[in-house]
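Reading the structure
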Amino acid sequence: MDFTHAFRLIDKNNKAVFEAQAKHVTRRDEALLLAGADAMTRVLALVYEAEDGVGTIAAMNKKTPIACSPGCHFCCFLMVAVSELEAQGIAQYIFQTMGLGGAMLLLAATQARAAMVKDCPRDGEAYLEQELPCLLLREGQCSVYPVRPMACVGYHSLSRADCEAGHHKAVDSIPYIGEYVVYPTTLITRVTAARAAPGRPKAGEMNAFLAEALRDQIALALAQEPLHSIDQPATQTREEA
Ligand code: SF4
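Residues numbered from 1 in each chain as written. Predicted model: local features only at pLDDT ≥ 70, side-chain atom pairs only at ≥ 80, totals over all residues.

The secondary structure content of the protein chain amounts to 10 helices and six strands. Counting over 241 residues, the protein chain shows a buried share of 30%. Long-range pairs, those at least 24 residues apart, make up 81% of the contacts in the protein chain between residues at least 6 apart in sequence. (Helix = DSSP H or I, 4+ residues; strand = E, 2+ residues; numbered from the N terminus. Buried ≥ 20, exposed ≤ 12 C-beta atoms within 10 Å, placed from the backbone. Contact = placed C-beta atoms within 7 Å.)

Take the nonpolar core next. Core analysis: the biggest nonpolar cluster contains 31 residues, and Val80, Ile90, Ala91, Ile94, Leu210 and Leu214 have the highest contact counts within it. The set of elements that each furnish at least two residues to this core consists of helix H5 (84-117), helix H7 (150-153) and helix H10 (206-224). With eight residues, the single largest contributor to this core is H5. Not counting chain neighbours up to four residues away, the residues in contact with Leu214 comprise Ala91, Ile94, Ala103, Leu106, Leu107 and Thr110. (Core = buried A, V, L, I, M, F, W, Y, C linked by C-beta atoms within 7 Å.)

On to the packing of H5 against H10. Taken N-terminus to C-terminus, the directions of H5 and H10 make an angle of 130°; their axes are 6 Å apart at the nearest point. In terms of their interaxial angle, H5 and H10 are classed as oblique. For the crossing formed where H5 meets H10, the hand is left-handed. Tallied by class, the residues present in the contact of H5 with H10 amount to 20 nonpolar, six polar and four charged. (Axes fitted to C-alpha atoms, helices over the stretch in contact; angles between N-to-C directions. Parallel < 35°, antiparallel > 145°, perpendicular 65-115°, else oblique. Left-handed = near helix turned anticlockwise from the far one by under 90°. Nonpolar A, V, L, I, M, F, W, Y, C, P; charged D, E, K, R; others polar.)

Okay, the site of the ligand next. Near the ligand, the surroundings consist of 12 residues, among which Cys76, Cys134, Leu137, Cys142 and Cys152 are the closest. Residue classes in the shell around the ligand are distributed as 10 nonpolar, one polar and one charged. (Near = placed C-beta within 6 Å.)

Here we take up unusual backbone geometry. Excluding glycine, residues mostly carry a negative phi; peptide bonds, for their part, are mostly trans. Positioned with a positive phi, Glu131 is a non-glycine residue whose angle comes to about 50°. Within the secondary structure layout, Glu131 lies in the loop between helix H6 (125-129) and strand S2 (137-138). A tally of 9 C-beta atoms within 10 Å means that Glu131 is categorised as exposed. Phi at Glu139 is positive, roughly 50°, even though this residue is not glycine. Take Glu139: it is sitting in the loop between S2 and strand S3 (141-142). The class of Glu139 is exposed, set by 8 C-beta atoms lying within 10 Å.

Moving on, we come to the confidence of the model for the protein chain. Put simply, the protein chain has an average pLDDT of 70, and 53% of its residues get 70 or more. Within the model, pLDDT remains below 50 along residues 235-241, and this stretch shows 18 contacts once partners closer than five positions in the same chain are excluded. (pLDDT = per-residue confidence, 0-100.)

As for its placement among the helices and strands, Ala67 is situated in the loop between helix H4 (39-60) and strand S1 (81-83). Residues Ala67 and Ala161, spaced 94 residues apart in sequence, show a C-alpha to C-alpha distance of 9.2 Å. Residues in contact with Ala67, not counting those within four places in the same chain, are Ser157, Leu158, Ser159 and Arg160.

A word on the environment of Leu106. In this structure, Leu106 sits in helix H5. For Leu106, a count of 25 C-beta atoms within 10 Å puts it in the buried group. For Leu106 and Arg215, which are 109 residues apart along the polypeptide, the C-alpha to C-alpha distance reads 9.9 Å. For Leu106, the contacting residues outside a window of four places in its chain are Ile94, Leu135 and Leu214.

Here you go:
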């Protein structure tokens, strides 16, 4: 991935930078990603590499001060949408960092949460009123930070005060910019669409998709390994949200 073209535009304005990223998503990228034996792992690695690239752009662009800071998690009470591909990546990460036991606990929790919120309208207000912290939030930090959904990655708030106000009541006025993730989000959407089984939804409310992905991961692990040989969870490291 070459961000040279984007860096050249950095002194102009954000919009130009991120529109340039979107144009950079090519059919060739998609073909390369889909050709691999483990396309999902590959695409996720590339997606987060891309995110690092745009994060650098954001840090360099002093014209847009971002209000987000470690430990601030008002946005982790919002309804989050994910693609099937992202949910699979998160499920893999959960399995690797929390082990079979952690994955099974989260499977039960996400199934229950998905059932609880399945009728919430997409505007998210009814969801917010229930004051439900994301099930992946641990002590104020995201437990799947390296593979968190692009919806979370891209939610760059410009006002902590507005986020706090919006935490108590859904408001339309929280200023944020999501353009930093135009490239990876576009790539995820395209690859998800190409990989999705016919007739299955490709994206939706996170808990429902994550429950399904966890169920698949657990079934695969149990089919491949005798129970006693499945690794215990690795020591979990958390990066600051
Ligand atoms: S996935 Fe992580 S960043 Fe996103 S809402 Fe949940 S805890 Fe917050």
